[in-house]
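# Per-entry structural report
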Amino acid sequence: KDGYINLVAYPYVESESCEQEEAPEREQPRRRHSRRSLHRSSSTSDHKEDRHALDTETTEGQEMKSPKVDVHIPTDVPFQMLDGNSGLASECNAYNPWSLQCHKQQLNRMRSESKDRKLHKFLLLENVVHHFEYPCILDLKMGTRQHGDDASEEKAARQMQKCEQSTSATLGVRVCGMQVYQIDTGHYLCRNKYYGRGLSIDGFRLALYQYLHNGKYLRKDLFEIILGKLHSLRTVLEKQNSYRFYSSSLLIIYDGKDPILELRHKCLDLSIQEDMQQLTSKSYDSCFSQPPKVDVRMIDFAHSTFKGFRDDKTIHHGPDKGYVFGLDSLIDILQQIRDENQS
């Protein structure tokens, strides 16, 4: 009746060995009907974001306590997580290790409250990368402010400190996550939010360069498309009055498959169909006229607001200047990278 799809979650422990310390509570895993409100909250649900990555992991030699889940996505492409700012890569995995960690944390939170027999309410999310063969994803936390109007003083102080110590303050944008397909190794390279928090302005610029580099060459064909979408987004946002997108992110996605190899295959197929002697200039040019597949999405609106939204008491005026500032910084840096690599 409220316009959302309701899903019921049943936290599940596959074996007692997974939870030996909590065995008394888990002898009879109970179905959990927990109802979580869609209203924003400044409680401990945002909590874990502020802990260091190591705080969410167990000590060496111990497994993270969480239900076993089927995380093996049908893929032959391994993932490598680059360790912080050191550039050291972990072992290859069949899945993005950061995504798995976040997924396990959420399951742990759900399961820890299972005795309350509450009903969880979920939002059904779109997989925006489903039509990309080798999705290269850049997750950017936008704006100079990350706490919502409903945040407690303690949380607001934490969020402001994170902004002050990162490129959120200096650029209005910071890296929150990244995965890039490398055609030279056949691996995805991954970065998480802790990496992004430690970047300087030059480091942020280097991260953008790395995101657009496939291990062999810079994807120069992507600049104009991405910049065009960012300019269009900026034009829309600067006209919006009272909207604030605190703590929201911007996703930039492109397909990491080798465009040169793809081009050769297309032209080869075309030449076979029409025969090399009869290949017209129009059909040959069509091999080069297909733009790369790129998507830019605004996501994560849990702390967004605008005049008249529900029971929000704080009213803002004019556009979200922090978000627009972040877009301007992003556009400027991408244009610099493009101009410096023209040849």
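Parameters at a glance
Residues numbered from 1 in each chain as written. Predicted model: local features only at pLDDT ≥ 70, side-chain atom pairs only at ≥ 80, totals over all residues. Heavy atoms only, no water. Helix = DSSP H or I, 4+ residues; strand = E, 2+ residues; numbered from the N terminus. Buried < 20%, exposed > 50% of the residue type's maximum accessible area, 1.4 Å probe, protein only. Contact = heavy atoms within 4.5 Å. Areas by Shrake-Rupley, 256 points an atom, 1.4 Å probe, with all protein chains shown as cover. Axes fitted to C-alpha atoms, helices over the stretch in contact; angles between N-to-C directions. Left-handed = near helix turned anticlockwise from the far one by under 90°. Salt bridge = Lys/Arg side-chain N within 4 Å of Asp/Glu carboxyl O.

## Some remarks on the overall build of the protein chain
Per the secondary structure count, the protein chain includes ten helices and nine strands. Burial statistics for the protein chain: of 343 residues in total, 41% are counted as buried. In the protein chain, 80% of the contacts between residues at least 6 apart in sequence involve partners at least 24 apart. Working note: accessible area of the protein chain is about 19,900 Å², and carbon and sulfur atoms make up 51% of it.

## A few points about the packing of helix 6 (residues 201-211) against helix 10 (residues 321-340)
A pair of packed helices is captured by two measures, namely the crossing angle of their axes and the spacing between those axes. In the contact formed by helix 6 and helix 10, the axes pass within 10 Å of each other and the chain directions differ by 60°. Remark: the crossing between helix 6 and helix 10 carries right-handed chirality. Residues Phe-204, Arg-205, Leu-208 and Tyr-209 of helix 6 touch helix 10, and the partners they reach there are Leu-330, Ile-333, Leu-334, Gln-336, Ile-337 and Glu-340.

## As for the pattern of salt bridges
For the coordinates displayed, the defined rule picks out eleven salt bridges. Across the pair Arg-338 and Glu-224 runs a salt bridge whose closest N-O atoms are separated by 2.9 Å. Here Glu-224 lies in helix 7 (residues 223-237) and Arg-338 lies in helix 10, a separation of 114 residues in the sequence. Salt-bridge contacts for Asp-295 lead to Arg-297; the nearest nitrogen and oxygen are separated by 2.9 Å. Each of Glu-126, Asp-295 and Arg-297 takes part in a single network of salt bridges with overlapping partners.

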